[in-house]
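One letter stands for each residue in the lines below.
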Amino acid sequence: MPELPEVETVARDLQRWVAGATFAEVEVRWERTIAHPLPAERFAAELRGATIARVGRRAKSVLIHLVDGRVMTVALRMTGALIVTPPDAPEDPYARVVFHLADGRQLRYRDVRKFGRIGLFAGGGLRRRPARRNPVRRVAEDRVPYRVGDVFARHGPEPLTRTFTAARFAERLAGRSARLKSLLLDQSFIAGVGNIYADEALWIARLNPLRAADTLTPDEVRRLHRAIRKVLRDGIENRGASFSDYVGADGEPGANAERLAVYQRTGAPCLRCGRPIARIVVGQRSTHFCPRCQPASPPVTAVEEASA
Ligand SMILES: [Zn+2]
């Protein structure tokens, strides 16, 4: 499933290749891909003739900013991909939405399992909190304008921004008794981290995935903060990790999967200590770690040993 580095790779590709392009026609082949506005014909009609200003990312969504201020959001979810193709590219049976560009190229939204969602929203609204949990799905169609900020109002901070400091991370961890692995996957706690990069960050920081967040020492908090940013930056550098369907906007897989230390390396030797990587299930998510480098309890300090 695409996480921050994969989605960022797609967004950067698209910024390079389709910024300035105009949508000539939009063909929706699987209506349920469209989350807003509905029906899908309205979505297509509202996009016709619009020009892309720039492409960015928020959390695990690609944001296609239009010149008129509106924003198209693309949540790739499990198997979604955005691929730019030349005019003569062969048909793709998994293309759920085809954006025909005025220059003849196509921007294809490909999605084998069809979990991804695309929406078109007014700009702004970043500070307003929606009352309901799933604003995209439940928004009343007559309540306009619905703003892109509402879609992300419940999301936590972006881990690669300058404002996401170790101090801010420590503040967010304080008083949270959730297990580290579960907390890192919680999009309202921190945006963009999923199963791959949570496991990788915990391994680099030498922290057990089952540790309660509020038991971390200040040094451990700093280690985890640094590790999260490192795994995400490395992931972007390597154009993301492809395990099944993820590809960049060039249609090619990323190179980061082979560089991971623990994710899906169950039984393989730990790159640090040589012991086999273990797999456990935390909150229904498979979790990979080194039992030796990431012990269940923090090591007992000499002082505690002496007083015991
Ligand atoms: Zn190890």
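Data block above holds the structure.
Residues numbered from 1 in each chain as written. Predicted model: local features only at pLDDT ≥ 70, side-chain atom pairs only at ≥ 80, totals over all residues. Heavy atoms only, no water.

S.K.: Can you tell me about the coordination of the zinc ion, naming the residues and giving the values?
M.R.: Here the zinc ion is held by C270 (SG), C273 (SG), C290 (SG) and C293 (SG), and the distances to it run 2.2 to 2.4 Å. Bound by four donor atoms, the zinc ion shows angles of 99 to 113 degrees at the metal and therefore tetrahedral coordination geometry. Expressed as a motif, the donor residue spacing for the zinc ion is C-x2-C-x16-C-x2-C. Here C290 lies in the loop between β11 (285-289) and α9 (302-307) and C270 lies in the loop between α8 (218-237) and β10 (278-282), a separation of 20 residues in the sequence. (Donors = N, O, S within 2.8 Å, 3.2 Å for Na, K, Ca; no water. Tetrahedral: all angles 85-135°; square planar, octahedral: opposite > 155°, others 65-115°. Helix = DSSP H or I, 4+ residues; strand = E, 2+ residues; numbered from the N terminus.)

S.K.: Give a detailed account of the pairing of strand β3 (residues 52-58), specifying residues and quantitative values.
M.R.: Remark: a regular strand shows side chains that alternate across the two faces of the sheet. With respect to burial, β3 is a largely interior element, five of its seven residues being buried. Pairing of β3 with strand β4 (residues 61-66) involves six bridges; the strand directions are antiparallel. Following the sheet pairing, R54 is matched in β4 by H65. Hairpin connection from β3 to β4: two residues lie between these consecutive antiparallel strands, with A59 at a positive phi of about 55 degrees. (Buried < 20%, exposed > 50% of the residue type's maximum accessible area, 1.4 Å probe, protein only. Pairing = 2+ DSSP bridges.)

S.K.: Go over the nonpolar core, please, and point to the residues and values.
M.R.: Nonpolar side chains in soluble globular proteins generally cluster together in the buried interior. With 33 residues, the main nonpolar core has L14, F23, M72 and F99 as its most contacted residues. Top element by residues in this core is helix α1 (residues 4-18). It accounts for five residues. Aside from chain neighbours lying at most four places away, what touches M72 is F23, F43, L47, V62, L63, I64, F99, I118, G119 and L120. Within the second largest apolar cluster, 31 residues are counted, among which are L173, I190, V193 and L224. (Core = buried A, V, L, I, M, F, W, Y, C linked by side-chain atoms within 4.5 Å. Contact = heavy atoms within 4.5 Å.)

S.K.: Go over the packing of aromatic side chains, please, and point to the residues and values.
M.R.: Applying the stated criterion to the full structure yields four aromatic pairs. Each ring, one from F23 and one from F99, has its centre 5.4 Å from the other, and the planes form 50 degrees; the classification is tilted. With F23 in strand β1 (residues 23-28) and F99 in strand β7 (residues 95-101), this residue pair connects regions lying 76 residues apart in the sequence. F99 carries the same exposure label as F23, and that label is buried. Ring centres of F164 and F169 lie 5.6 Å apart, and the angle between their planes is 55 degrees; this geometry places the pair in the tilted category. (Phe/Tyr/Trp six-rings, centres within 6.5 Å; stacked < 30°, edge-to-face > 60°.)

S.K.: Tell me about unusual backbone geometry, and name the residues and values.
M.R.: That bond from H36 to P37 is cis: its omega, -10 degrees, falls within 30 degrees of zero. You can see P37 is positioned in the loop between β2 (34-36) and α2 (40-47). In this structure, the amide linkage connecting L38 to the following residue, P39, adopts the cis form with an omega of -5 degrees. Checked against the element boundaries, P39 lands in the loop between β2 and α2. Even without being a glycine, Q264 presents a positive backbone phi close to 55 degrees. Mapping Q264 onto the fold places it in the loop between α8 and β10. Of the residues examined, Q264 reaches a relative accessible area of 49% and is grouped as partly exposed. Backbone geometry places Q284, a non-glycine residue, at a positive phi of 65 degrees.

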